[in-house]
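Reading the structure
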Amino acid sequence: MRGRMVMRTIRLGDWDPSALRTVMLGLAFAGGALAGHLYAGSCGEEVWEALARYLGDYCRLYDADGLEVSMLSCAAMYFGYAALLFLMGFSAAGVALIPALSGVFGFLTMYTVSCFVRCYGRPGVLLALGALSVRLLFTLPCFLILAEAAWLPSMELFSLSFGRGKRSSPVLYGSRYFLLFVLCTVILSLGIFFERLAAPLLFRLALGAV
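Residues numbered from 1 in each chain as written. Predicted model: local features only at pLDDT ≥ 70, side-chain atom pairs only at ≥ 80, totals over all residues. Heavy atoms only, no water.

A few words on the packing of aromatic side chains. For the coordinates displayed, the defined rule picks out 18 aromatic pairs. Between Phe 105 and Phe 143, the ring centres sit 5.0 Å apart and the planes meet at 65°, which makes this aromatic pair edge-to-face. Note that Phe 105 is positioned in helix H5 (residues 94-120) and Phe 143 in helix H6 (residues 123-162), a separation of 38 residues in sequence. Classification of Phe 105 by relative accessible area gives buried; the value is 6%. An aromatic cluster is defined as three or more aromatic residues linked by ring pairs; in this entry it consists of Phe 86, Phe 90, Tyr 173, Tyr 177, Phe 178 and Phe 181. (Phe/Tyr/Trp six-rings, centres within 6.5 Å; stacked < 30°, edge-to-face > 60°. Helix = DSSP H or I, 4+ residues; strand = E, 2+ residues; numbered from the N terminus. Buried < 20%, exposed > 50% of the residue type's maximum accessible area, 1.4 Å probe, protein only.)

Side chains of a nonpolar character, in soluble globular proteins, are inclined to be buried together. Formed by 26 residues in total, the largest nonpolar core has its most connected members in Tyr 78, Leu 85, Ile 98, Leu 101, Phe 143, Leu 146 and Ala 147. Of all the secondary structure elements, the ones that give two or more residues to this core are helix H2 (17-42), helix H4 (71-88), H5, H6 and helix H7 (175-208). In terms of residues, this core owes the most to one element, H6, which gives 9 residues. Once you skip the residues sitting within four places of it in the chain, Tyr 78 turns out to touch Val 134, Arg 135, Phe 138, Thr 139, Leu 188, Gly 191, Ile 192 and Glu 195. Membership of the second largest hydrophobic core comes to 14 residues, among which are Ala 40, Phe 116, Phe 203 and Ala 206. (Core = buried A, V, L, I, M, F, W, Y, C linked by side-chain atoms within 4.5 Å. Contact = heavy atoms within 4.5 Å.)

What the rule picks out here adds up to 3 salt bridges. For Glu 195, the salt bridge identified is with Arg 135, shortest N-O distance 4.0 Å. Within this pair, whereas Glu 195 is found in helix H7, its partner Arg 135 is found in helix H6, the two being separated by 60 residues in sequence. Note on Glu 195: relative accessible area 4%, which makes it buried. A relative accessible area of 21% means that Arg 135 is categorised as partly exposed. The shortest N-O distance in the salt bridge between Arg 176 and Glu 148 comes to 3.8 Å. Note that Arg 176 is positioned in helix H7 and Glu 148 in helix H6, a separation of 28 residues in sequence. For Glu 148, a relative accessible area of 6% puts it in the buried group. Look at the salt bridges and you will find they share partners, linking Arg 21, Glu 148 and Arg 176 into a network. (Salt bridge = Lys/Arg side-chain N within 4 Å of Asp/Glu carboxyl O.)

Limitation: the analysis is restricted to geometry and does not speak to function.
Given below as structure tokens:
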């Protein structure tokens, strides 16, 4: 009897819709990451030989000259996804493009990690962490926050456009949508600063372990 009473108090309707959307986007990222790992494993030996030469030359040049990523490249890497997500929130196409972009993000991230591991073995994990850890620390949380915030209005726009008249009220963008974008812009700007400051040091430390 007591067990039945406990089960009756559990309501699936109490789930936070925003949390559910974030989980779904996280699953899309994880699915893209798995696809990136599998795709990296399916590449032929010629591709890996060429990639190994490229990464080897890059690492040697980086170790010798201490290469730094340009400010323009940093801005593109940090703000590219954020700008796309913000704009997708104003389009009904975002209902499909936002999860797809999450999958692309996961695919490219894991493909890069797999390339380092395939070329350098276990030390390649350290190289990948040196190259990506700072960037992912800032971009991934901001990506999921903005993706969740943009996905809801894009769903409403999709319902308004293809709902056959069932929805007539306009889509409203509250201040939260714009404040999140401003907040993430500030965080990503800090990320660029740490990327240029800490990422070269971390990558050099990783090179010393290879």
